Amino acid sequence: MAARENCCNSRNTFWVIFGVTQFFGLLAIALMVIWTCVFNGGYKWNGRYHQFAIHPLVMILSMVFLYGNAALIYRALDCVPRWKTKFIHMIITGITLALAIFGVATVFIFDHRMNYGNMYTMHSWCGITTLGFFTFQFFAGFFAFMWPGVKGSIRDMVLPIHRFGAFAILALSLGSIMSGIVDDLLLSMKSKEYRELPPHAIFFNVIGLLCMAYILLTMYLLHRNDWNQGAPLPPPPQFVLEEAQEQPGADPTPVPETSGPGELEKLLPHPR
Ligand code: HEM
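In every chain, residue numbers begin from 1 and rise along the written sequence. Selection of residues for local features in this predicted model requires a pLDDT of at least 70, selection of side-chain atom pairs for listing and counting requires 80 or more, and totals for whole chains, interfaces and linings are taken over all residues. Side-chain numbers here rest on the full set of heavy atoms in the structure, without hydrogens or water.

Digging into the overall build of the protein
Rules: Runs of H or I in DSSP of at least four residues are treated as helices and runs of E of at least two as strands, each being numbered from the N terminus. Burial status follows relative accessibility: with a 1.4 Å probe on protein chains alone, a residue under 20% of its type maximum counts as buried, one over 50% as exposed, and anything between as partly exposed. Any pair of residues with heavy atoms lying within 4.5 Å of one another is described as a contacting pair. For the accessible areas, the method is Shrake-Rupley and the probe is 1.4 Å, while residue cover comes only from the protein chains on display.
Within the protein, the regular secondary structure consists of ten helices and zero strands. Reading the helices (α) and strands (β) of the protein from amino to carboxyl end gives α-α-α-α-α-α-α-α-α-α. The buried share of the protein, taken over its 272 residues, is 42%. Expressed as a percentage of contacts within the protein between residues at least 6 apart in sequence, the contacts between residues at least 24 apart total 74%. Carbon and sulfur atoms provide 71% of the accessible area of the protein, an area that totals close to 15,500 Å².

The structure is reproduced here in structure tokens:
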């Protein structure tokens, strides 16, 4: 009973942090849209700032909000069968990848039209690394986990690397967002104007902080293995067996340390 209560409390904590995370992500996107639509004439495919503005919006929507949610899906949908969750994860990451490619293509086309040159900033290098890494992660994940007939041993080998990849992509995305914001502010105004903290800088600094909070909270939720559908199995309760065998005349039958009915099931291998 106590174990069940602990589990529910732990789940409540998950939902509170998840809700706050979603709020930060949605607020960052809303502020980006408000900045462009209310103060900067909206989004247009006209080769000017209106076209460039598509880039930051689509990148935050894809590499921060959608990617974060795709990674969290295994924690959030814990009562949905694992094969369905895998499928939803694949669909969301696929949409994320398509949007991210579109977002980066937009700024390449814009820079080309304006004759600004390409790939000369730290942001552009960090950004292209993020996109390259994410593209690799998507296809490696697809062939390892979705392709029929791949051996369980290969999936088991790839899974920890795939999990680490999610953290790496979130960290790279954060670096790209931060450097992109700095680039945008420095390239769009004179340094004297920038030092006076105009509304543009306030908006973008707040958006940067919201993205940082979103990514850090997402990483926290991901690192909590007890909220994961496919968490690695706890070690078998060997030490209980050893202790029982040490007692003279004790029953040598191993007694697993379970805290309630159903706990033993958690020790059984997860279907991947
Ligand atoms: C994960 C998110 C992001 C990725 C992967 C990314 C990627 C890129 C890439 C690859 C370029 C180079 C384009 C070229 O050389 O023509 C670029 C340019 C640019 N991006 Fe981003 N970007 C991201 C987010 C942002 C954000 C949030 C902003 C904020 C406003 C931004 C602002 C800029 C600016 C101003 C440029 C043109 C100057 C430059 O090349 O550094 N980016 N981005």
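From this point, things continue past the structure.
Re the site of the ligand
In plain terms, the rule: Note on definitions. A residue lies near a molecule or strand when any single heavy atom of the residue is within 4 Å of it. Whenever two N or O atoms come within 3.5 Å, that pair is a polar contact, provided that in protein one can donate a hydrogen and the other can accept it, and provided that, for residues adjacent in sequence, both atoms are side-chain atoms. Ten residues, namely Ala, Val, Leu, Ile, Met, Phe, Trp, Tyr, Cys and Pro, are considered nonpolar, four, namely Asp, Glu, Lys and Arg, are considered charged, and the remaining ones, Gly among them, are considered polar.
Surrounding the ligand, one finds 24 residues, the nearest of these being His-55, Asn-118, Thr-121, His-123 and Asp-183. Between the ligand and His-55, the relevant distance is 2.9 Å, taken from a nitrogen atom to a side-chain nitrogen or oxygen of the residue. A distance of 2.6 Å is found between an oxygen atom of the ligand and a side-chain nitrogen or oxygen belonging to Asn-118. Those elements that place two or more of their residues in the shell around the ligand are helix H3 (54-76), helix H4 (82-113), helix H5 (122-146) and helix H6 (152-188). Tallied by class, residues from the shell around the ligand come to 13 nonpolar, eight polar and three charged.

Some words on the environment of Met-189
Here Met-189 shows up in the loop between H6 and helix H7 (191-195). The exposure class of Met-189 is buried, given its relative accessible area of 10%. A C-alpha to C-alpha distance of 9.5 Å links Met-189 and His-200, two positions eleven residues apart in sequence. If sequence neighbours within four positions are ignored, Met-189 has contacts with Tyr-194, Pro-198 and His-200.

Here's the deal with the coordination of the iron atom of the ligand
The condition is simple: A donor here means an N, O or S atom no more than 2.8 Å from the metal, or no more than 3.2 Å when the metal is Na, K or Ca. Since water is not included, a site may seem to lack partners.
The iron atom of the ligand binds to the protein through His-55 (NE2) and His-123 (NE2), with metal-donor distances spanning 2.0 to 2.1 Å. With relative accessibility at 10%, the residue His-55 sits in the buried group. We classify His-123 as buried; its relative accessible area is 17%.

Section: the packing of H3 against H6
Heads up, the rule is: Axes here mean lines fitted to C-alpha atoms, for a helix over just the part in contact, with angles spanning 0 to 180 degrees between N-to-C directions. For classification purposes, angles smaller than 35 degrees are called roughly parallel, those larger than 145 roughly antiparallel, those between 65 and 115 roughly perpendicular, and all remaining angles oblique. In this scheme, a crossing is called left-handed if the near helix is turned counterclockwise away from the far one by less than a right angle; it is called right-handed if the turn is clockwise.
The N-to-C vectors of H3 and H6 enclose an angle of 150°; their axes lie 10 Å apart at closest approach. By the criterion of interaxial angle, the relationship of H3 to H6 is roughly antiparallel. Judged by the twist between their axes, the crossing of H3 over H6 is left-handed. Residue-level inspection shows Ile-60, Met-63, Val-64, Tyr-67 and Gly-68 of H3 in contact with H6, the latter providing Gly-165, Ala-166, Ile-169, Leu-170, Ser-173 and Ile-177. For the contact of H3 with H6, a count of residues per class yields eight nonpolar, three polar and no charged.

Some thoughts on the confidence of the model for the protein
Keep this limit in mind: Note: pLDDT gives the predictor's confidence per residue, expressed from 0 to 100.
This prediction gives the protein a mean pLDDT of 86; 81% of its residues lie at or above 70. Low confidence marks residues 252-272, where pLDDT is under 50. Its contacts with residues over four positions away, or in another chain, come to 30 contacts.

Some details on the packing of aromatic side chains
Where we set the bar: Stacked, tilted and edge-to-face are the three classes assigned to paired rings of Phe, Tyr and Trp, where Trp is represented by its six-membered ring and a pair needs centres within 6.5 Å; plane angles under 30 degrees give stacked, over 60 edge-to-face, the rest tilted.
Evaluation of the coordinates by the stated rule reveals 20 aromatic pairs. Aromatic pair Phe-14 and Phe-18: ring centres 5.7 Å apart, planes at 20°, arrangement stacked. In this pair, Phe-14 and Phe-18 both sit in helix H1 (residues 2-39), four residues apart, roughly one turn of the helix. In this pair, the class of Phe-14 matches that of Phe-18, namely buried. Ring centres 6.3 Å apart and planes at 80° place the aromatic pair Tyr-220 and Trp-227 in the edge-to-face group. Note on Tyr-220: relative accessible area 33%, which makes it partly exposed.

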